[in-house]
Amino acid sequence: MTAVPARADWRDTLREATDLALLGFAVALAALPVLTLAPALATASAALHDRSVTGSWPDARTGLARFGRALPAGLAVSAVALAAVALLAADLVALATGRVPGGEPALALTAVVVAVLLGYAGLVTVAVGRSGGRGWRTAARDVARTCPQRPGVWAAASGICALAVLLGVLVTPVAVPILGGYALAALHALDARRPVPAPDPT
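Let me sum up the structure you'll find in this document. What you see is a predicted model; the values in this text were computed from it and never measured.

Focus: the overall build of the protein chain
Here is step 1 of the chain: Each helix and strand in the protein chain was counted, giving seven helices and zero strands.
Here is step 2 of the chain: Listed N to C, the secondary structure of the protein chain is α-α-α-α-α-α-α in terms of helices and strands.
Here is step 3 of the chain: Here the C-alpha radius of gyration of the protein chain, 18 Å, is about what a compact globule of 202 residues would show, namely 17 Å.
Here is step 4 of the chain: The buried share of the protein chain, taken over its 202 residues, is 29%.
Here is step 5 of the chain: For the protein chain, the share of sequence-separated contacts (at least 6 apart) that also reach a separation of at least 24 residues comes to 66%.
Here is step 6 of the chain: Entry remark: accessible area of the protein chain is about 12500 Å², with carbon and sulfur atoms responsible for 71%.

Re the packing of helix α2 (residues 37-54) against helix α7 (residues 176-191)
Here is step 1 of the chain: At a minimum axis separation of 10 Å, α2 and α7 run at an interaxial angle of 50 degrees. When the axis of α2 is compared with that of α7, the two are oblique. The two elements α2 and α7 cross, and the hand of that crossing is right-handed. For the pair formed by α2 and α7, the contact residues are Leu-41, Ala-44, Ser-45, Leu-48 and His-49 on the first element and Leu-184, Ala-185 and His-188 on the second.
Here is step 2 of the chain: Per-class residue counts for the contact of α2 with α7 are five nonpolar, three polar and no charged.

A word on the packing of helix α6 (residues 151-170) against α7
Here is step 1 of the chain: Interhelical geometry of α6 versus α7 gives an angle of 175 degrees and a closest axis separation of 10 Å. As judged from the angle between their axes, α6 and α7 are roughly antiparallel. Touching Val-153, Ala-156, Ala-157, Ile-160, Cys-161, Ala-164, Leu-167 and Gly-168 of α6 are Val-176, Leu-179, Ala-183, Ala-186, Leu-187 and Leu-190, all from α7.
Here is step 2 of the chain: Per-class residue counts for the contact of α6 with α7 are 13 nonpolar, one polar and no charged.

Here we look at unusual backbone geometry
Here is step 1 of the chain: Unusually for a residue other than glycine, Val-34 sits at a positive phi of about 75 degrees.
Here is step 2 of the chain: If you trace the backbone, Val-34 turns up in the loop between α1 (10-30) and α2.
Here is step 3 of the chain: The class of Val-34 is partly exposed, set by a relative accessible area of 44%.

Side note on α7
Here is step 1 of the chain: Look at α7: 23 Å from first C-alpha to last across 16 residues, which is about the 22 Å you get at 1.5 Å a residue.
Here is step 2 of the chain: The complete set of buried residues in α7 reads Pro-177, Leu-179, Gly-181, Ala-183, Leu-184, Ala-185, Leu-187, His-188, Leu-190 and Asp-191.

A word on the nonpolar core
Here is step 1 of the chain: Ranked by size, the top nonpolar core spans 17 residues in total, and within it Leu-123, Val-124, Val-128, Trp-136 and Val-143 carry the most contacts.
Here is step 2 of the chain: When neighbours within four sequence positions are excluded, Val-143 is seen to be in contact with Tyr-120, Leu-123, Val-124 and Ala-127.

Some remarks on the side chain of Thr-110
Here is step 1 of the chain: In this fold, Thr-110 is placed in helix α4 (residues 103-130).
Here is step 2 of the chain: Within polar-contact distance, the side chain of Thr-110 engages the backbone oxygen of Ala-106 at 2.8 Å.

Concerning the side chain of Thr-36
Here is step 1 of the chain: Looking at the element boundaries, Thr-36 is found in the loop between α1 and α2.
Here is step 2 of the chain: Among the residues examined, Thr-36 registers a relative accessible area of 10% and is labelled buried.
Here is step 3 of the chain: Every residue in contact with Thr-36, bar those within four places of it in the chain, is listed here: Ala-30, Ala-31, Phe-67, Leu-71, Leu-75 and Ser-78.

Quick word on the layout of surface pockets
Here is step 1 of the chain: Approximately 1900 Å³ is the volume found for the largest pocket.
Here is step 2 of the chain: Taken together, 48 residues make up the lining of the largest pocket; nearest its centre are Leu-37, Leu-41, Val-85, Leu-118 and Val-165.
Here is step 3 of the chain: Contributing elements (two or more residues each) for the lining of the largest pocket: α1, α2, α3 (60-96), α4, α5 (136-146), α6 and α7.
Here is step 4 of the chain: Classifying every residue of the lining of the largest pocket gives 41 nonpolar, seven polar and no charged.
Here is step 5 of the chain: Space inside the second largest pocket adds up to approximately 390 Å³.
Here is step 6 of the chain: Surrounding the second largest pocket, 17 residues form its lining, Leu-23, Ala-26, Thr-43, Ala-47 and Gly-63 being those nearest its centre.

How each quantity is defined
Residues numbered from 1 in each chain as written. Predicted model: local features only at pLDDT ≥ 70, side-chain atom pairs only at ≥ 80, totals over all residues. Heavy atoms only, no water. Helix = DSSP H or I, 4+ residues; strand = E, 2+ residues; numbered from the N terminus. Rg over C-alpha atoms; globule rule 2.2 N^0.38 Å. Buried < 20%, exposed > 50% of the residue type's maximum accessible area, 1.4 Å probe, protein only. Contact = heavy atoms within 4.5 Å. Areas by Shrake-Rupley, 256 points an atom, 1.4 Å probe, with all protein chains shown as cover. Axes fitted to C-alpha atoms, helices over the stretch in contact; angles between N-to-C directions. Parallel < 35°, antiparallel > 145°, perpendicular 65-115°, else oblique. Left-handed = near helix turned anticlockwise from the far one by under 90°. Nonpolar A, V, L, I, M, F, W, Y, C, P; charged D, E, K, R; others polar. Expected span 1.5 Å × (residues − 1). Core = buried A, V, L, I, M, F, W, Y, C linked by side-chain atoms within 4.5 Å. Polar contact = N/O pair within 3.5 Å; in protein donor to acceptor, adjacent residues only side chain to side chain. 1 Å grid on protein atoms, 1.4 Å probe; cavity = no way out; pocket = protein on both sides within 12 Å on 5 of 7 lines; lining within 4 Å. Points joined across faces, edges and corners; volume = space filled by probe spheres on them.

On their own, these measurements won't tell you what the molecule is for.
Dropping the structure here:
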């Protein structure tokens, strides 16, 4: 007789939700200097990848070591990402207030572009997590190549990130890190559905 796996009860669900909330707060704490945002996300993404593969979270020493290794490249990634966010936010504000011509169509188009870029960035963060929190350049190149091949995944990732940003604006600031942890976990769950390449017969 085949054994039936035990179903997760409400305590398992609560434990998982609590772990993700704590992960979000850990990212927020590590990202307080602002330029450490990318290393913090890379470390959290690597932890989520470990959780999905091994069923357990990495220990604190592993997390700190990954964060330290992610710092050199991550600082540059953070600077570029924050500059892009500032430019896009200024563009959205200018369109919304009428200081730039284009009206609602241009505002809607810019919002879609922002959502698409957020989805791309989210998938890059997941890819970095799969490599232990390193390899931003390789991850960016690989995701840029695979996104057009998986438009549904790209669109779903964009929706996850856009929804997280929208909820982050609406909820109390203390809940924003929790949303971040949940959003990163959702991106990992989405990416886990990617097809596994068939082995080379040669």
